[in-house]
Amino acid sequence: MPELPEVEVVRRGLANWVAGRTVADVQVLHPRAVRRQPAGAADFTARLTGTTLGTAQRRGKYLWVPLAGSGAGFSLIGHLGMSGQLLVQDPSVPDETHLRVRLRFADGGRELRFVDQRTFGGLAVEEAEDGDPEGTPLSIAHIARDPLDPRFDDVAFAAALRAKRTTVKRALLDQTLISGVGNIYADEALWRSRLHYDRPTATLTRPQAAELLANAREVMTAALAVGGTSFDSLYVNVNGESGYFSRDLDAYGREHEPCRRCGTPIRRAAWMNRSSYFCPRCQRVPRVRSGG
DNA sequence: CAGTGGCCCTGTCTGC
DNA sequence: TGCAGACAGGGCCACT
C-alpha cells in the first residue's frame, strides 16, 4: 500500500532511471490504467510518444514527470493506488501478469512498466501549471502539500485541523488537509501521539496537533530511510526490491501483539470499511461529557 | 459548503 | 474440493 515514503522511493527511482530519456513507443494494455485521460488511451499514447521525460516530482501520493520537447507544458502524472508499481525493466524480462502500460525509449535501454493488480492506480498526460518549472499538473491543485515538503505550513495545518468538525483519523487521511498519509502511517502517527482514531479534531490542543504532525513526519521519514513498508510483493521500488519498515511498525498489522509501550494487546477495529489498529490503553476515546 | 459514505477492482485467505 | 464472503484501501463523487 504505497503511501508517501513508498511513493518517494519510486520517485527517486524514476529520477535516476528515466530522466532525460525520449519516449519512442507507448502501449496501453488496460484502458482502466489511463481512465484519468479524458480523451482515452489513443490520446495518452499520442501525447507521450516522442516527448522527453524530465525529473520526477511528487506531492503526497501523486507522482509526475514534466515533459520536454513535443510535450512541453504537460506532465505524465501517476498514482499507484493500492497496488501500482512502476518498474524499470530490461526489455527481455517477460511481461508481468498485471502489466497495464509500457513505455519504450529511443535509446533502446530498460523500459518503464506500469504494473497494477487492483487497477486503483493509473497514468495520464495532463496540462501543467503555466510557467511552473516543476510542471505540477493542474488536476492536483486541490492536493495539500505533504509534511516532507519544505513549503508545508505547520502552523496553518494545526489551525485547520482544529477547525475541522470531524475525527482525527479522517482528517489525517484527508488529502486536501495534509497529503501522503494513508491508513498505515495514520495509525502509526496516532499510536506515537497516544491519540484514539475517533478523537474529535476540535478537542485537540495546539500542542497535541503539533505533536501529531511531528509524529507523522517522523514515522514517514524513518520509513523512507529503509525503503518504505512492504507487506508483500505489491509494493516494490523501480528495481523490484521491497522496503524494510514493516518490522518497525508499532500499531498497524499488530492485532493481539503487545503494545511496545505498555504491553496491552493491540486491537483492530473496523473503521470506514477498513481497519484501525490501536492500543486500547494508550489511546483512549475521550468520554463525551454531557451538559458541556 | 463541509462532511459522510458507497463504490471501483482483483488476489488471497478463511470458514462452511 | 468448492464456493462464498471478508479483506486489503485511495480517491472520486453523489448525497445530506
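Residues numbered from 1 in each chain as written. Chains lettered and ligands numbered in written order. Predicted model: local features only at pLDDT ≥ 70, side-chain atom pairs only at ≥ 80, totals over all residues. Heavy atoms only, no water.

Colleague: Would you take a moment to explain the nonpolar core for this structure?
Modeller: Nonpolar side chains in soluble globular proteins tend to end up buried together. Of all hydrophobic cores here, the largest spans 39 residues; its most connected members are Phe157, Leu161, Tyr185, Leu190 and Leu212. Mapped by element, the contributors of at least two residues to this core are α3 (154–163), α4 (168–172), α5 (183–193), α6 (206–225), β10 (267–271) and β11 (274–278). A total of seven residues in this core trace back to one element, the largest contributor, which is α6. Residues in contact with phenylalanine 157, not counting those within four places in the same chain, are Phe152, Leu177, Ile178 and Leu213. (Core = buried A, V, L, I, M, F, W, Y, C linked by side-chain atoms within 4.5 Å. Buried < 20%, exposed > 50% of the residue type's maximum accessible area, 1.4 Å probe, protein only. Helix = DSSP H or I, 4+ residues; strand = E, 2+ residues; numbered from the N terminus. Contact = heavy atoms within 4.5 Å.)

Colleague: Looking at this model, I keep getting lost on the side chain of serine 275. Mind explaining?
Modeller: Along the chain, the position of serine 275 falls in strand β11. For serine 275, a relative accessible area of 14% gives the class buried. Discounting chain neighbours no more than four positions away, the residues touching serine 275 are Lys169, Asn183, Asp187, Arg268 and Ala269.

Colleague: Would you mind going over the protein's contact with DNA strand C with me for this structure?
Modeller: Surrounding DNA strand C, one finds 18 residues, the nearest of these being His79, Met82, Phe120, Tyr252 and Arg274. Taken together, the sugar and phosphate atoms account for 65% of what DNA strand C places within 4 Å of the protein. Here a phosphate oxygen of DNA strand C sits 3.4 Å away from a polar atom, N or O, in the side chain of lysine 61. One of the side-chain N or O atoms of serine 275 is found 2.9 Å from a phosphate oxygen in DNA strand C. The element best represented in the surface near DNA strand C is β11, accounting for three residues. When grouped by side-chain class, the residues that make up the surface near DNA strand C number six nonpolar, seven polar and five charged. (Near = heavy atom within 4 Å. Polar contact = N/O pair within 3.5 Å; in protein donor to acceptor, adjacent residues only side chain to side chain. Nonpolar A, V, L, I, M, F, W, Y, C, P; charged D, E, K, R; others polar.)

Colleague: It is not clear to me how empty space enclosed by the protein should be interpreted in this structure. Could you clarify?
Modeller: A probe matching the size of a water molecule, rolled over the atoms, marks out where space remains unfilled. Tallied over the full model, the rule gives one cavity of 30 Å³ or more. Quantified by volume, the largest cavity comes out at close to 90 Å³. In terms of lining residues, the largest cavity is bounded by Leu14, Val18, Leu63, Trp64, Val65, Leu76, Ile77, Gly78, Leu86, Leu112 and Leu123. Looking at the lining of the largest cavity, the elements with two or more residues in it are β4 (62–68) and β5 (74–79). For the lining of the largest cavity, the per-class residue count stands at 10 nonpolar, one polar and no charged. (1 Å grid on protein atoms, 1.4 Å probe; cavity = no way out; pocket = protein on both sides within 12 Å on 5 of 7 lines; lining within 4 Å. Points joined across faces, edges and corners; volume = space filled by probe spheres on them.)

Colleague: Just checking my understanding: could you explain the packing of helix α1 (residues 4–17) against α6 for this structure?
Modeller: Two numbers describe a pair of packed helices, the interaxial angle and the distance between the axes. Running from amino to carboxyl end, α1 crosses α6 at an angle of 40 degrees, the nearest separation of the two axes being 8 Å. When the axis of α1 is compared with that of α6, the two are oblique. For the pair α1 and α6, the sense of crossing is right-handed. Each of Leu4, Pro5, Glu8, Val9 and Arg12 in α1 lies in contact with α6, whose residues at this interface are Met220, Ala223 and Leu224. (Axes fitted to C-alpha atoms, helices over the stretch in contact; angles between N-to-C directions. Parallel < 35°, antiparallel > 145°, perpendicular 65-115°, else oblique. Left-handed = near helix turned anticlockwise from the far one by under 90°.)

Colleague: Explain the sheet that holds strand β6 (residues 84–89) to me, please; I cannot follow it from the model alone.
Modeller: Within a beta sheet, neighbouring strands are joined by backbone hydrogen bonds and run either parallel or antiparallel to one another. Judged by pairing direction, the sheet is antiparallel, and its four strands sit side by side in the order β1-β7-β8-β6 without closing on themselves. Pairing within the sheet leaves two strands with one partner each, and these edge strands are β1 (23–28) and β6. The mean inter-strand angle of the sheet, taken between neighbouring strand axes irrespective of direction, is 15 degrees. In this structure, β1 lies alongside strand β7 (residues 99–105), joined through five bridges in antiparallel fashion. (Pairing = 2+ DSSP bridges.)

Colleague: Please explain the environment of arginine 100 as it appears in this structure.
Modeller: Among the secondary structure elements, arginine 100 is positioned in strand β7. Along the backbone, arginine 100 and arginine 32 are 68 residues apart, and their C-alpha atoms lie at a distance of 8.6 Å.

Colleague: Sorry if this is basic, but what is going on with the pattern of salt bridges here?
Modeller: Pairs may arise between side chains of opposite charge once their charged atoms sit close together. A complete count under the given rule lists 21 salt bridges for this structure. Two residues, arginine 12 and glutamate 8, come together in a salt bridge whose shortest N-O distance is 2.9 Å. Remark: glutamate 8 and arginine 12 occur in helix α1; sequence separation between them is four residues, near one turn of the helix. Overall, the relative accessible area of 7% leaves glutamate 8 in the buried class. Put simply, aspartate 43 and arginine 47 hold a salt bridge, and the shortest N to O gap is 2.9 Å. (Salt bridge = Lys/Arg side-chain N within 4 Å of Asp/Glu carboxyl O.)

Colleague: What's the story with the pairing of strand β8 (residues 111–116) in this structure? I'm lost.
Modeller: Consecutive side chains along a regular strand alternate between the two faces of the sheet. Burial analysis of β8 places six of its six residues in the buried class, which makes it a mostly covered element. Here β8 shows no split at all, with Glu111, Arg113 and Val115 on one side and Leu112, Phe114 and Asp116 on the other all buried. As paired elements, β6 and β8 share six bridges and run antiparallel to each other. Across the sheet, residue leucine 86 finds its bridge partner in β8, namely phenylalanine 114. Here β7 runs beside β8; their pairing, made up of four bridges, is antiparallel. Counterpart to arginine 102 in the pairing with β8 is arginine 113. Linking two consecutive strands that pair antiparallel, namely β7 and β8, is a turn of five residues; a positive phi of about 75 degrees is found at glycine 108 within it.

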